Amino acid sequence: RLNGLYEISYQNEADFLLVGRELSQLEKDILVFIARFRNVQKLHIQKEMGSNVSGKRIEKAVQKLCQYFLIETWEFPRQDKPEVSAAAYSISQNGYRLLRYFQLIEQQEYYKQENLFEDDLYQPLRFWKIVDTYQIFKLFGRREEDPDRKTDFFASGSFARRVAL
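Counting from 1, residues in each chain are numbered in the order their sequence is written. A pLDDT threshold of at least 70 governs which residues receive local features in this predicted model, and a stricter bar of 80 or more applies before side-chain atom pairs are shown or counted, although totals over entire chains, interfaces and linings include all residues. Side-chain figures throughout are based on the complete set of non-hydrogen atoms in the structure, without hydrogens or water.

**Q** Can you help me understand the pattern of salt bridges in this one?
**A** Working definition: two side chains of opposite charge can pair if their charged atoms are close together. We define a salt bridge as a side-chain nitrogen of Lys or Arg found within 4 Å of a carboxyl oxygen belonging to Asp or Glu. Summed over all chains, the structure comprises two salt bridges. In this structure, Glu-27 and Lys-64 form a salt bridge, with 3.4 Å as the shortest nitrogen-oxygen distance. One end of the pair, Glu-27, is in helix H2 (residues 25–37); the other, Lys-64, is in helix H4 (residues 55–67), and 37 residues separate them in sequence. Measuring nitrogen to oxygen at the nearest pair gives 2.9 Å for the salt bridge that ties Glu-59 to Lys-42. Pair noted here: Glu-59 is in helix H4 and Lys-42 is in helix H3 (residues 42–49), with a separation of 17 residues, a long-range link. For the purposes of this entry, the term helix denotes a DSSP run of H or I that reaches at least four residues, the term strand denotes a run of E that reaches at least two, and both are numbered from the N terminus.

Quick look at the structure:
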């Protein structure tokens, strides 16, 4: 149900139009990001949306996407804190069809949900590594665009110090 008034089945054009109007630009951006990388963690979403978007806004957006059955949430135990679980998100068939309807993603950019764990249970870890690599390249790309901001990061123990080049 959408706002307690309409039952959405994603079977006709009116459903896509109605849900599309309900989504904010942030929610659409998160949905596209999840679709491109198949399975992402909350931290990936936070990095992609930038520091000007609060964790609370991201959490609210993710909840709405789940409520509209556009993404699926996966929980897994954290290695550092076994009593706490962490969440990852993948796009659903409804989410993919919505993105295709609004032409926000190409067909070849989508990885079928039912294949997510077909190969093995470590598949999400591979997706996360791809997202990590993408975000590192994106960070270095920004550094190249602004040569006055070039810095180097050296990790030492549990802290990193920033040294200007």
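**Q** Help me understand the packing of helix H1 (residues 13–22) against helix H5 (residues 93–101) in this model?
**A** When two helices pack together, their arrangement is captured by the angle between the axes and the distance separating the axes. Where H1 meets H5, the axes come as close as 10 Å, and the angle between the chain directions of the two elements is 90 degrees. By the angle between their axes, H1 is roughly perpendicular relative to H5. Side by side, H1 and H5 meet where Glu-13, Phe-16, Leu-17, Val-19 and Gly-20 of the first sit next to Asn-94, Arg-97, Leu-98 and Tyr-101 of the second. In this analysis, axes come from line fits to C-alpha atoms, helices being fitted only over the stretch in contact, and the angle between any two N-to-C directions falls in the range 0 to 180 degrees. Angles are sorted into four bins: roughly parallel if under 35 degrees, roughly antiparallel if over 145, roughly perpendicular if 65 to 115, and oblique for all others. By definition, residues are in contact when any of their heavy atoms lie within 4.5 Å.

**Q** Just checking my understanding: could you explain the sheet that holds strand E1 (residues 39–41) for this structure?
**A** Hydrogen bonds between backbone groups are what pair the strands of a sheet, and the pairing can be parallel or antiparallel. Paired strands, as defined in this entry, are two strands with at least two bridges between them according to DSSP. Ordered by their spatial adjacency, three strands build an open sheet running E1-E3-E2, and the pairing between neighbours is antiparallel. Single-partner strands in this sheet number two, and they are E1 and strand E2 (71–77). Averaged over all pairs of adjacent strands, the angle between their axes in this sheet comes to 30 degrees, without regard to strand direction. Bridge analysis of E1 against strand E3 (residues 85–91) gives three bridges, and the strand direction is antiparallel.

**Q** Teacher, can you tell me more about the environment of Glu-72 here?
**A** Inspection of the secondary structure puts Glu-72 in strand E2. The spacing of Glu-72 and Gly-95 is 23 residues in sequence and 9.5 Å in space, taken between C-alpha atoms.

**Q** Where do I start with the packing of H2 against H4 in this structure?
**A** At a minimum axis distance of 10 Å, the contact between H2 and H4 shows a crossing angle of 70 degrees. With respect to each other, H2 and H4 are oriented roughly perpendicular. When H2 is examined against H4, the residues Leu-26, Glu-27, Ile-30 and Leu-31 are found in contact with a partner set consisting of Arg-57, Ile-58, Ala-61, Val-62, Lys-64 and Leu-65. Residues that form the contact of H2 with H4 fall into these classes: seven nonpolar, no polar and three charged. Note that Gly is not counted as nonpolar here; it falls among the polar residues with everything else outside the nonpolar set of Ala, Val, Leu, Ile, Met, Phe, Trp, Tyr, Cys and Pro and the charged set of Asp, Glu, Lys and Arg.

**Q** Help me out: how do you make sense of the side chain of Gln-135 in this one?
**A** Assignment of secondary structure puts Gln-135 in helix H6 (residues 123–145). For Gln-135, a relative accessible area of 11% gives the class buried. Apart from the residues lying within four places of it in its own chain, the contact partners of Gln-135 are Phe-33, His-44, Lys-47 and Glu-48. Burial here depends on accessible area, computed with a 1.4 Å probe over protein chains only, as a share of the maximum for the residue type. Under 20% is buried, over 50% is exposed, and the range in between is partly exposed.

**Q** Even after reading the chapter, I still don't get H1, so can you show me in this structure?
**A** Along an α-helix, residues three or four apart share an orientation, since each turn contains 3.6 residues. Of the residues making up H1, those classed as buried are Asp-15, Phe-16, Leu-18, Val-19 and Gly-20. The backbone nitrogen of Ala-14 has a side-chain oxygen 3.1 Å away, supplied by the residue at the start of H1, namely Asn-12. In the analysis that follows, any N or O atom pair within 3.5 Å is treated as a polar contact, provided that within protein one partner can donate a hydrogen and the other can accept it, and provided that, for residues neighboring in sequence, both atoms belong to side chains.

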